[in-house]
Amino acid sequence: MSKGLFITFEGIDGSGKSTQARLLATLMRDYGNDVRHTREPGGSAGAEDIRRLLVEGDPARWSPETEILLFTAARRDHLERTILPALEAGQIVVSDRFADSTRVYQGVARADLRKTVDTLHELMIGREPDLTFIIDMDPEVALQRGLARNSGEDRFEDMGLQFQKDLRAGFLGLAAQFPERCMLINGNQSPANVSGEIQAVIETWQA
Ligand code: TMP
């Protein structure tokens, strides 16, 4: 049995979740916790290699089915080598994305493949976060923000605005499906205010 705490951040591209994951990791360290801040796809050497295959290049580079396999392969390595050892050591793991991203990106927005995603998750991952923050954000504003970064990792942003709108609907559906662990946070406000809302949840949730 794992002893640590597993917290994830989810949201559409450009929602500000990476900033918030970083801020929460810092806050938890300031509280005196041992924190492992990580991300998906990635978070282990092998998974970072797979990340490059997934986030760069032509949007049509992979089918949704192949994407599910690649994201799950990356997640399995991340889980084995980073997340589970950290939890076993009693650390707080803060991950920028996890399985909810596959449920929404590949299971809802790219195609109607949620059952396939769930089956593979059960077979290969079998672990849920203890707490998930879903940063909800206006898709138009978020997409402009995401593309303005020119990160070279725009494969999913290049799928367009309707795709981001479908993602937002998918994340709202997920928050309704898992209300006990998914906290919906309004991302249409300053990063400091978003962070304040997250801190308030953490303080009451830990109590
Ligand atoms: P990032 O921009 O948050 O680092 O994530 C990389 C991209 O990969 C982002 O556009 C979301 C996408 N993604 C999926 O489509 N499925 C997944 O399971 C994960 C973890 C990410």
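For the structure given in this document, a descriptive report is provided here. (Residues numbered from 1 in each chain as written. Predicted model: local features only at pLDDT ≥ 70, side-chain atom pairs only at ≥ 80, totals over all residues. Heavy atoms only, no water.)

**Description of the site of the ligand**
Then, in step 1: What surrounds the ligand is a group of 14 residues, the closest being Asp-13, Arg-51, Arg-97, Thr-102 and Gln-106.
Then, in step 2: In the model, an oxygen atom of the ligand is placed 2.5 Å from a nitrogen or oxygen of the Thr-102 side chain.
Then, in step 3: Relative to its unbound accessible surface of 480 Å², the ligand loses 93% to contact with the protein.
Then, in step 4: Secondary structure elements with two or more residues in the shell around the ligand: helix 2 (45-55), helix 3 (64-88) and helix 4 (99-109).
Then, in step 5: It is helix 4 that contributes the most residues to the shell around the ligand, 4 residues altogether.
Then, in step 6: Across the shell around the ligand, the residue classes tally to 5 nonpolar, 3 polar and 6 charged. (Near = heavy atom within 4 Å. Polar contact = N/O pair within 3.5 Å; in protein donor to acceptor, adjacent residues only side chain to side chain. Areas by Shrake-Rupley, 256 points an atom, 1.4 Å probe, with all protein chains shown as cover. Helix = DSSP H or I, 4+ residues; strand = E, 2+ residues; numbered from the N terminus. Nonpolar A, V, L, I, M, F, W, Y, C, P; charged D, E, K, R; others polar.)

**Quick look at the packing of helix 3 against helix 5 (residues 114-124)**
Then, in step 1: Their axes nearest at 11 Å, the elements helix 3 and helix 5 cross at an angle of 25 degrees. In terms of orientation, helix 3 and helix 5 fall into the roughly parallel class. For the crossing formed where helix 3 meets helix 5, the hand is right-handed. Only Thr-116, Val-117, Leu-120 and Met-124 of helix 5 make contact with helix 3, whose side of the interface consists of Ile-68, Leu-69, Thr-72 and Arg-76.
Then, in step 2: Per-class residue counts for the contact of helix 3 with helix 5 are 5 nonpolar, 2 polar and 1 charged. (Axes fitted to C-alpha atoms, helices over the stretch in contact; angles between N-to-C directions. Parallel < 35°, antiparallel > 145°, perpendicular 65-115°, else oblique. Left-handed = near helix turned anticlockwise from the far one by under 90°. Contact = heavy atoms within 4.5 Å.)

**Considering unusual backbone geometry**
Glycine aside, a negative phi is what most residues show, and trans is what most peptide bonds show.
Then, in step 1: Geometrically, the link from Glu-40 to Pro-41 is a cis peptide bond, its omega value of -15 degrees lying close to zero.
Then, in step 2: On the secondary structure map, Pro-41 appears in the loop between strand 2 (35-39) and helix 2.
Then, in step 3: A positive phi is found at Arg-97, a non-glycine position, where the angle reads about 80 degrees.
Then, in step 4: One non-glycine residue with positive phi stands out, namely Asn-150, at about 50 degrees.
Then, in step 5: Here Asn-150 lies in the loop between helix 6 (139-148) and helix 7 (161-177).
Then, in step 6: By relative accessible area, Asn-150 is classed as exposed at 66%. (Buried < 20%, exposed > 50% of the residue type's maximum accessible area, 1.4 Å probe, protein only.)

**Structural notes on the pattern of salt bridges**
Then, in step 1: Applying the stated criterion to the full structure yields 19 salt bridges.
Then, in step 2: Asp-13 serves as the salt-bridge partner of Arg-97, at 3.7 Å between the closest nitrogen and oxygen. Here the residue Arg-97 occupies a position in the loop between strand 3 (92-96) and helix 4, and Asp-13 occupies one in the loop between strand 1 (5-11) and helix 1 (17-30), the gap between them amounting to 84 residues. For the pair Arg-97 and Asp-13, one class covers both residues: buried.
Then, in step 3: Sharing partners across several salt bridges, the network here consists of Asp-100, Arg-103, Arg-114, Asp-118, Glu-128 and Arg-181. (Salt bridge = Lys/Arg side-chain N within 4 Å of Asp/Glu carboxyl O.)

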